[in-house]
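These are the residues of each chain, in order.
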Amino acid sequence: MYNVDLHMHTVASTHAYSTVHDYIAAAVRKNLKLITTTTTTTITITITITITITDHGPAMVDAPHAFHFSNMRILLRVVDGVGILRGIEANIKADGETDCSDKMRAALDVIIAGFHKQVFAPADIVTHTDALIAVIASGKVHIISHPGNPEYPIDIPAVVEAAKACNVALEVNNASFVHSRKGSEGNCRKIIAAVRDSGGMLSLGTDAHSAFAVGDFSACLPLLQEADFPAERILNASPWRVLEFLERHGGERIEEIDALLKLDNVASGQTE
């Protein structure tokens, strides 16, 4: 069970269809199926999916303005037992930079970066690989989104090596097997195997554009099982793992989510 979703889009990206409130409500509903509720004699704790709001960076044609990202600091950290991380799916540009400015980055927890043809037209394997490695090596991103996209062939061993060296997770994107980026399976299998063998990290993302899809990794799981990928190197395996990963990148401990997780552990008799 993966109770952290690190990649989703709200109506701020106008080709998506759900609000932050819709995602929170869906996460609460899915808790009834996916996460147990721990009850003590004095308190009831419900830990559901931790969600990360990651709308498209401002260079995308229908993306929100940069103010959207710098103002995400106003979002509550925990609502109805759902932890909320503030993020962006930045666009990789041809010069190996992204459209996430330092001001935007300062307000965010999670920086995802990926290729989108509205910003970076598909070119060739060398161009894609050079740009991707430059972004990974910049120290300004945490996750690379849908690297298995067949429109952007890459040198998989080189990218995986760079990601491992820089502690950047490569994403297995559930939407790539459902309705976007068709033909991604072969590349994703190679990436999963290469990350497994290198000792690197994977991230799972629903890339939800509707709250109905939040937390649904069902299309990813067969590829992970087929590769016998170790669960301890999947970022989404626990909220604790995500918080620790962000701290290793220089992020500050998110006290509200940390406190909620500690309270859940106390109630359930677990340790971190």
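Refer to the preceding data block for the structure.
Residues numbered from 1 in each chain as written. Predicted model: local features only at pLDDT ≥ 70, side-chain atom pairs only at ≥ 80, totals over all residues. Heavy atoms only, no water.

With that settled, consider the overall build of the protein chain. Along its length, the protein chain carries 9 helices and 10 strands. The burial tally for the protein chain puts 54% of its 272 residues in the buried class. At a minimum sequence separation of 6, the contacts of the protein chain that also span at least 24 residues come to 73%. A total accessible area of about 11,700 Å² is found for the protein chain, and carbon and sulfur atoms account for 54% of it. (Helix = DSSP H or I, 4+ residues; strand = E, 2+ residues; numbered from the N terminus. Buried < 20%, exposed > 50% of the residue type's maximum accessible area, 1.4 Å probe, protein only. Contact = heavy atoms within 4.5 Å. Areas by Shrake-Rupley, 256 points an atom, 1.4 Å probe, with all protein chains shown as cover.)

Close approach of charged atoms lets side chains of opposite charge pair. For the coordinates displayed, the defined rule picks out 8 salt bridges. The salt bridge partner of Arg-105 is Asp-102, with a shortest N-O separation of 2.5 Å. Highlighted residues: Arg-105 and Asp-102, both in helix H3 (residues 102–106), separated by 3 residues, approximately one helical turn. One salt bridge in this structure joins Asp-197 and Arg-196, with 2.9 Å as the shortest N-O distance. Judged by relative accessible area, Arg-196 falls into the partly exposed class, the value being 29%. The structure contains a network of salt bridges with shared partners spanning Glu-247, Arg-253 and Asp-258. (Salt bridge = Lys/Arg side-chain N within 4 Å of Asp/Glu carboxyl O.)

In this section: the packing of aromatic side chains. According to the stated counting rule, one finds 3 aromatic pairs in the structure shown. Residues Phe-115 and Phe-120 carry aromatic rings whose centres are separated by 5.1 Å and whose planes lie at 80° to one another, so their mutual orientation is edge-to-face. Note on accessibility: Phe-115 and Phe-120 belong to one class, buried. Arranged with centres 4.7 Å apart and planes meeting at 5°, the rings of Phe-115 and Tyr-152 form a pair that is stacked. Within this pair, whereas Phe-115 is found in the loop between strand S7 (110–114) and helix H4 (125–137), its partner Tyr-152 is found in the loop between strand S8 (143–144) and helix H5 (156–166), the two being separated by 37 residues in sequence. For the residue pair Phe-115 and Tyr-152, the accessibility class agrees, reading buried in each case. (Phe/Tyr/Trp six-rings, centres within 6.5 Å; stacked < 30°, edge-to-face > 60°.)

Another aspect to go through is H4. Structurally, the α-helix is built with 3.6 residues per turn, so residues lying three or four positions apart point the same way. If you check H4, its first and last C-alpha atoms are 18 Å apart, about what 13 residues at 1.5 Å a residue would give, namely 18 Å. Put simply, Asp-124 is the residue that caps the front of H4, since its side-chain oxygen is 3.1 Å from the backbone nitrogen of Val-126. A positive phi of about 75° marks Gly-139, the residue just after H4. (Expected span 1.5 Å × (residues − 1). Polar contact = N/O pair within 3.5 Å; in protein donor to acceptor, adjacent residues only side chain to side chain.)

Not every positive phi belongs to a glycine, and Asp-80 is a case in point at roughly 55°. Its place among the elements puts Asp-80 in the loop between strand S5 (78–79) and strand S6 (82–91). Here Asp-80 falls in the exposed class, since its relative accessible area comes to 59%. The backbone of Asp-207 shows a phi angle near 55°, a positive value even though the residue is not glycine.

Another point: the pairing of S6. Among the 10 residues of S6, 10 are classified as buried, and the element is accordingly described as predominantly covered. Bridge analysis of strand S4 (residues 50–56) against S6 gives 6 bridges, and the strand direction is parallel. Pairing of Ile-53 across the sheet is with Arg-86, part of S6. As paired strands, S5 and S6 are joined by 2 bridges and run antiparallel to one another. Residue pairing for S6: Val-78 is matched across the bridge by Gly-83. Where S6 lies against S7, 5 bridges are found, and the strand directions are parallel. The partner of Ile-88 across the bridge, within S7, is Ile-111. (Pairing = 2+ DSSP bridges.)

What follows is about the packing of H4 against H5. Two numbers describe how H4 lies on H5: the axes approach to 9 Å, and their chain directions differ by 5°. What the angle tells us is that H4 and H5 run roughly parallel. Along the contact surface, H4 presents Thr-129, Leu-132, Ile-133, Ile-136 and Ala-137, while H5 presents Ala-158, Val-159, Ala-162, Ala-163 and Cys-166. Grouping the amino acids of the contact of H4 with H5 by side-chain chemistry returns 9 nonpolar, 1 polar and no charged. (Axes fitted to C-alpha atoms, helices over the stretch in contact; angles between N-to-C directions. Parallel < 35°, antiparallel > 145°, perpendicular 65-115°, else oblique. Nonpolar A, V, L, I, M, F, W, Y, C, P; charged D, E, K, R; others polar.)

Attention shifts here to the nonpolar core. Core analysis: the biggest nonpolar cluster contains 57 residues, and Ile-51, Ile-144 and Leu-170 have the highest contact counts within it. With residues near it in sequence (within four places) discarded, Ile-51 still touches Asp-5, Met-8, Tyr-23, Ile-24, Ala-27, Val-82, Gly-83, Ile-84, Leu-85 and Val-214. With 17 residues, the next largest nonpolar core counts Leu-6, Ile-112, Trp-240 and Ile-254 among its residues. (Core = buried A, V, L, I, M, F, W, Y, C linked by side-chain atoms within 4.5 Å.)

Where H5 contacts helix H6 (residues 185–198), the axes come no closer than 10 Å and their chain directions differ by 45°. Regarding the angle of H5 to H6, the classification is oblique. Considering the relative orientation of H5 and H6, their crossing is right-handed. For the pair H5 and H6, the contacting residues are Ile-156, Val-160 and Lys-164 in the first and Asn-187, Lys-190, Ile-191, Ala-194, Val-195 and Ser-198 in the second. Of the residues in the contact of H5 with H6, the class split is 5 nonpolar, 2 polar and 2 charged. (Left-handed = near helix turned anticlockwise from the far one by under 90°.)

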